[in-house]
Amino acid sequence: MLTEAEIQQNLEQVKVAFPHLTNCEYNNEKNQEYFGFSIWGQFAVNSDELIPRLFYVTFDIYDNKWQGHLIVGQPCYLWSSADVGDAHLLETESCMSLGEAVAALKVKIAELCQAFSVTSDLLVE
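Only a predicted model underlies this, so the values are computations on that prediction, with no experimental measurement involved. (Residues numbered from 1 in each chain as written. Predicted model: local features only at pLDDT ≥ 70, side-chain atom pairs only at ≥ 80, totals over all residues. Heavy atoms only, no water.)

Colleague: Which parts of the structure should I look at to understand the sheet that holds strand S4 (residues 65-72)?
Modeller: In sheet architecture, strand pairing relies on hydrogen bonds along the backbone and comes in two forms, parallel and antiparallel. The antiparallel open sheet is built from five strands, whose spatial order is S1-S2-S3-S4-S5. Edge positions in the sheet fall to strand S1 (22-28) and strand S5 (87-91), since each of these pairs with one other strand and no more. Ignoring which end each strand starts from, the neighbouring axes of this sheet average 25° apart. Looking at chain direction, strand S3 (residues 53-62) and S4 are connected through eight bridges and run antiparallel. Pairing of threonine 58 across the sheet is with histidine 69, part of S4. Each of S1, strand S2 (37-45), S3 and S4 is contacted by helix H1 (residues 4-17), which is oriented at about 145° to S1, the strand it contacts most. (Pairing = 2+ DSSP bridges. Helix = DSSP H or I, 4+ residues; strand = E, 2+ residues; numbered from the N terminus. Axes fitted to C-alpha atoms, helices over the stretch in contact; angles between N-to-C directions. Contact = heavy atoms within 4.5 Å.)

Colleague: Even after reading the chapter, I still don't get the packing of aromatic side chains, so can you show me in this structure?
Modeller: Geometry of an aromatic ring pair is reported as the spacing of the ring centres plus the angle between the planes. One pass over the full model with this rule turns up five aromatic pairs. Residues phenylalanine 18 and phenylalanine 59 carry aromatic rings whose centres are separated by 6.1 Å and whose planes lie at 40° to one another, so their mutual orientation is tilted. With a gap of 41 residues between them, phenylalanine 18 in the loop between H1 and S1 and phenylalanine 59 in strand S3 connect regions that are remote in the sequence. When its relative accessible area of 12% is taken as the criterion, phenylalanine 18 is described as buried. Measuring from ring centre to ring centre gives 5.7 Å for tyrosine 34 and tryptophan 40, while their planes differ by 5°; the resulting arrangement is stacked. On the basis of relative accessibility, which here comes to 9%, the residue tryptophan 40 falls in the buried class. Chaining the aromatic ring pairs together yields one cluster made of Tyr26, Phe37 and Trp66. The residue whose ring lies beneath lysine 106 is phenylalanine 18, and the NZ or CZ to ring-centre distance is 5.4 Å. (Phe/Tyr/Trp six-rings, centres within 6.5 Å; stacked < 30°, edge-to-face > 60°. Buried < 20%, exposed > 50% of the residue type's maximum accessible area, 1.4 Å probe, protein only. Lys NZ or Arg CZ within 6 Å of the ring centre and 35° of its normal.)

Okay, here's the thing in structure tokens:
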């Protein structure tokens with residue numbers, strides 16, 4: 001488990017890397033839903049709607065390796081499933097640090113956005 005100072009440092013790192021995330025939370029215990037430390041924040045598309053679409057950026061650590069996830073519906077946890085209202089959109093390989101996982105997830109998100117940009121350009125032609 002992480003110390004309070006490590007938790008605050010990781011929260012700040014995620015908030016700086018993803019400044020539009022809100023409601024950042026974390027889990028710092030191994031239980032039936034998490035392998036240990038996990039941190040997440042949400043991004044609401046059309047947040048003024050009655051039921052906005054929620055995307056979550058989640059980072060967790062397992063066996064001293066960090067992994068990043070982009071999920072729709074709810075934060076990533078052990079039982080994440082489209083059957084319970086969430087779905088994995090992107091996931092990084094295991095990384096040696098939170099910073100590496102953040103960078104890897106940002107690259108994957110950029111690639112996804114670029115793919116949609118190319119697709120939308122093709123549809124317009």
